Amino acid sequence: METNVKNIQTKILADDWSVLKKLTYQYKNRDGEWETHVRQAYDRGNGVTILLYSPTKKTVILTKQFRIPTYLNGNKDGMLIETCAGKLDVLDPEECVRKEALEETGHKLNKITKVFEAYMSPGSVTELIHFYVAPYTEEMKIALGGGAPGEQENIDVLEIPFEKALLMLEKNEIRDGKTIMLLQYAKLHQLLG
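The text that follows walks through the structure, step by step, so that each part is easy to find. (Residues numbered from 1 in each chain as written. Predicted model: local features only at pLDDT ≥ 70, side-chain atom pairs only at ≥ 80, totals over all residues. Heavy atoms only, no water.)

Glancing now at the pairing of strand β5 (residues 59-66). Where a strand is regular, its side chains alternate between the two sheet faces. Taken across its eight residues, β5 has six buried, putting it largely inside the fold. Alignment of strand β4 (residues 47-54) against β5, held across three bridges, turns out to be antiparallel. Bridge pairing in β5 places Ser54 opposite Thr59. Between the end of β4 and the start of β5, which pair antiparallel, lie four residues, with Lys58 showing a positive phi angle near 60 degrees. Judged from the six bridges that link them, β5 and strand β10 (residues 156-161) form a sheet pairing that is antiparallel. Note that in β10 the partner of Lys64 across the bridge is Asp156. Judged from the four bridges that link them, β5 and strand β6 (residues 79-82) form a sheet pairing that is antiparallel. Looking at β6, one finds that Lys64 is bridged to Ile81. (Buried < 20%, exposed > 50% of the residue type's maximum accessible area, 1.4 Å probe, protein only. Helix = DSSP H or I, 4+ residues; strand = E, 2+ residues; numbered from the N terminus. Pairing = 2+ DSSP bridges.)

Now the structure itself:
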C-alpha cells in the first residue's frame, strides 16, 4: 500500500508529564508533489471516559475538578464539569474505565458499553479516547470517589438530573468536549427514557 508520508524526522522538545515532539516529514499533496511539513505533536497516551446514568432516577454522574489549561484560557475559576475519565497507561480500555469510575466516582460498575472512539484534537494531540456508558444504582456506590490518593485530583462527584445536565449544555456550563459528546449520545439513544 502506497503512503502519502515519508522521511519522518522526530525531535523531542519536552518529555515530562507527556512527550512533545517536533516532526519534519514529506507529504504528497493532491497534485502528487512532495512537500515538507513541520508540525508538533503532543503524545500523552490514549484515554477513556464514561457516562454513568440511572434510568430509574433519570440522573447522571459527572465530576468537577480544576483544570489549569482552561484557567489559562479564560475559565475564571478553572473548574470543569466532566464525565469520569483517565489515561490508559498499561491497562486495556475496559479495565481502565472501570478503575477510573471507582477512583473518581466511588461506583463499582457491572455492565459497561463501549459506544465509540474519537480523536479529540487531532491537529496537535495524538490521544485516542475510548467512550463508554454504564447504568448505575445506589448499590454500586462502594467508596467516596474523589480521585486516587496521591494524584492531586480533588474531584467533586456530582449526581445531576439528566434534563438539568442538558440545560447546562445549552447555558455553556458544561464545556468539556467528551462530556458534551456522551450527554448527546445519551439523548440520541434515549438511555434515560
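Following the criterion strictly, the structure yields 10 salt bridges and no others. Here Glu127 makes a salt bridge to Arg44, at a shortest N to O gap of 2.5 Å. Taken as a pair, Glu127 in the loop between β8 (113-119) and β9 (128-135) and Arg44 in the loop between β3 (34-43) and β4 lie far apart in primary sequence, 83 residues in all. By relative accessible area, Arg44 is classed as buried at 19%. Between Lys57 and Glu159 there is a salt bridge whose closest N-O contact spans 2.7 Å. (Salt bridge = Lys/Arg side-chain N within 4 Å of Asp/Glu carboxyl O.)

Shape descriptors only; they carry no functional weight alone.
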